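So the chains spell out like this:
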Amino acid sequence: MIGSVSRSGTTLAVYLALRFLGSILGLFLLAAVLIYIFDLLELLRRTGGEDGASLLRVALISLLRVPQLMEQVLPFAVLFGAIAAFLSLSRKLELVVARAAGVSVWQFTAPALIVGLVVGIAAVSVYNPLAVLLRDQSDKIAAGLFGREQNFLMQTTGEIWLRQDGADGESVVHAKQILDNGERLLGVTIFTFDRNGSFAERIEAHEARFSDRSWKLSQATVYTTTGDPQTYPTYQVSTYLTATEVRESIAAPESIGFWDLPRVIELSQRAGLPAYRYSLQYQTLLARPVLLVAMILIAACVSLRVSRMGGIGKLILGGILAGFVLYVLSELGKDLGGAGIVPPVLAAWAPGVFGVLMGITILLHLEDG
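Numbers given for residues are sequential positions, taken from 1 along each chain in its written order. Reporting in this predicted model follows two pLDDT cut-offs: at least 70 for local features of residues, and 80 or more for side-chain atom pairs to be given and counted; totals over whole chains, interfaces and linings ignore these cut-offs and use all residues. The basis for the side-chain values is all heavy atoms of the structure; hydrogens and waters are excluded.

Quick look at helix α7 (residues 261-270)
Move 1: Among all positions in α7, only L261, V264, I265 and S268 are buried. The buried side chains of α7 occupy one side of the element, clustering within an arc of 100° when seen end-on. A 1.4 Å probe rolled over the protein chains alone gives each residue an accessible area, and that area as a share of the maximum for its type sets the label: buried under 20%, exposed over 50%, partly exposed in between. Helix numbering and strand numbering both begin at the N terminus, where a helix is a DSSP run of H or I of at least 4 residues and a strand a DSSP run of E of at least 2. By arc we mean the arc of the directions from the helix axis to the C-beta atoms, nothing more.

Examining the sheet that holds strand β3 (residues 184-193)
Move 1: Pairing between strands requires that DSSP locate at least two bridges from one strand to the other. Read from one edge to the other, the open sheet built from six strands follows the order β1-β2-β3-β4-β5-β6, with strand pairing classed as antiparallel. The sheet is open, and its two edges are formed by β1 (160-166) and β6 (230-238), each paired on a single side. Neighbour to neighbour, the strand axes of the sheet diverge by 30° on average, direction disregarded.
Move 2: In this sheet, strand β4 (residues 199-210) lies alongside β3 in antiparallel orientation, the contact comprising nine bridges. Its bridge partner lying in β4, T189 is registered against E204. Think of each axis as a best-fit line through the C-alpha atoms, taken over the contacting stretch in the case of a helix, with angles from 0 to 180 degrees between the N-to-C directions.

Some words on the packing of aromatic side chains
Move 1: Each aromatic pair joins two rings of Phe, Tyr and Trp (for Trp, the six-membered one) with centres within 6.5 Å, and gets the label stacked for planes under 30 degrees apart, edge-to-face for over 60, and tilted for any other angle. Per the counting criterion, the structure on display carries eleven aromatic pairs.
Move 2: Measuring from centroid to centroid gives 4.7 Å for F76 and F324, while their planes differ by 35°, and the two rings are tilted. Residue F76 is found in helix α3 (residues 74-91), and its partner F324 is found in helix α9 (residues 312-338); the two are separated by 248 residues along the sequence.
Move 3: Judged by relative accessible area, F76 falls into the buried class, the value being 11%.

Here's the deal with the side chain of T189
Move 1: By secondary structure assignment, the location of T189 is in strand β3.
Move 2: Its relative accessible area of 15% is what places T189 among the buried residues.
Move 3: Note on contacts: a residue pair is in contact if any heavy atoms of the two residues lie within 4.5 Å. Contact partners of T189, with chain neighbours within four places excluded, come to V172, V173, H174, R202, I203 and E204.

A word on the pattern of salt bridges
Move 1: The salt bridge definition used is simple: a Lys or Arg side-chain nitrogen within 4 Å of an Asp or Glu carboxyl oxygen. By the definition in use, this model includes ten salt bridges.
Move 2: One salt bridge connects R65 with D39, and the closest N-O pair in it is separated by 2.7 Å. Of the two residues, R65 sits in helix α2 (residues 55-70) while D39 sits in helix α1 (residues 2-46), which places them 26 residues apart along the sequence. Just as R65 is buried, D39 falls in that class too.
Move 3: The salt bridge partner of R195 is D165, with a shortest N-O separation of 3.4 Å. Residue R195 is located in the loop between β3 and β4, and its partner D165 is located in strand β1; the two are separated by 30 residues in the primary sequence.
Move 4: On the accessibility criterion, R195 (51% relative accessible area) is exposed.
Move 5: Classification of D165 as partly exposed rests on a relative accessible area of 28%.
Move 6: A network of salt bridges, in which partner residues are shared, links R184, E207 and R209.

What about the packing of α2 against helix α5 (residues 105-141)?
Move 1: Closest axis-to-axis distance for the α2/α5 pair is 8 Å, and the angle between their directions is 150°. Between α2 and α5, the crossing angle belongs to the class labelled roughly antiparallel. Of the two elements, α2 crosses α5, and the hand of that crossing is left-handed. Mapping the contact onto sequence places R57, L60, I61, L64, R65, P67, Q68, L69 and M70 in α2 and Y127, A131, L134, R135, Q137, S138 and I141 in α5.
Move 2: Residues of the contact of α2 with α5, tallied by class, amount to ten nonpolar, three polar and three charged. With respect to orientation, any angle under 35 degrees is reported as roughly parallel, any angle over 145 as roughly antiparallel, any angle of 65 to 115 as roughly perpendicular, and every other angle as oblique. Crossing handedness is read from the near helix: turned anticlockwise from the far helix by less than a right angle, it gives a left-handed crossing, and turned clockwise, a right-handed one. Basically, the charged four are Asp, Glu, Lys and Arg, the nonpolar ten are Ala, Val, Leu, Ile, Met, Phe, Trp, Tyr, Cys and Pro, and anything else, Gly included, counts as polar.

Concerning the nonpolar core
Grouped burial of nonpolar side chains is what soluble globular proteins tend to show.
Move 1: Among the nonpolar cores identified, the biggest contains 44 residues, and F20, L74, V78 and F108 are the most heavily contacted of them.
Move 2: Of all elements in the fold, only α1, α2, α3, α4 (94-100), α5, α8 (276-309), α9 and α10 (344-368) reach the threshold of two or more residues within this core.
Move 3: At twelve residues, the largest contribution of residues to this core is made by α8.
Move 4: The residues touching F108, leaving out its near neighbours within four places in the chain, are L16, F20, F86, L95, R99 and V103.
Move 5: Residues grouped as a nonpolar core are buried Ala, Val, Leu, Ile, Met, Phe, Trp, Tyr and Cys residues, joined through side-chain atoms within 4.5 Å. Formed by 19 residues, the second largest nonpolar core is a distinct cluster that contains I178, A220, V222 and V237.

Focus on the pairing of β3
Move 1: Burial of β3 is extensive: seven of the ten residues sit out of reach of the surface.
Move 2: Note that strand β2 (residues 169-179) and β3 share eight bridges and pair antiparallel. Paired with H174 across the two strands is T189, which belongs to β3.
Move 3: Once β2 ends, the chain turns through four residues before running back antiparallel as β3, passing D180 with a positive phi of about 55°.
Move 4: The hairpin formed by β3 and β4 contains five residues between the paired strands, and G197 there has a positive phi angle of roughly 85°.

Scope: geometric values only; no functional claims are made or implied.
Laid out in structure tokens, this is it:
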């Protein structure tokens, strides 16, 4: 008898877990298709009239961009998917029957929480490195195609500007696109100054590669105030920057995969550079399963109130607003942590832990009074 009850409980848990997983994946894929369509249309608009901008090339660029874009959508896919699954169970009276049979809110919520935890772990350990790799390939395919448009690794809405010093004097580097964690620049313009701070020359090059404390330029044209422009197949500009300092200066944390972040953090710290942004990205990825669990708890709060009180529209809206507030708090924490105002661990983990505690408190109140 006990074995039969145990098997039935396991069967119910597996059934609920599959329902939640299917709902979450369905919404995730639907969002991916919509994002791909809009992103493809936007890229086609931006590349109109550009040489080499074939439909197949632009479609491939957009397709490889989508996985990284979807990382921002994942928490909402989990929230909306869990709400949809709970409402489906309620509409088909499956949730009502389970409640009448003595299944507590914790029993029918546990499979969803396990699914959220597994999805979060997979998203961090497998999906994130793959998305970064695909986005890097997208940038390489798009190299030189978008002219003055922004590249994925850029931290700001503008183009890259980098001030540096070298054996020949100071210089200012301007690049339209960056690849390989900042060690390869496209559409480069460099303004060099002598030791007295006076302007020396302006260099325009198709490409610059960082190698052995120098930028090696290809197809460079040098402009000076004393003579005609000179063109060189290769040209070199010295710098005191290291590869770690270049990455720290211009590479966004999101451009580095989960498994590579600890190494980058260690290299930055050894070089005496602040590693706030990379530490925050690492901790944010570690905390992502907790954030997804918080989203599912919010969905569970909505579903339980629906089954008891009615007013589906208002309650679902409340759940969605709660999810957005939690997401905004996580983004605010990232801003504060990235600036070094708040420790990265606190900035990354606080929103998810707060959401979990809030969800558990509401469920305890609704279930046990």
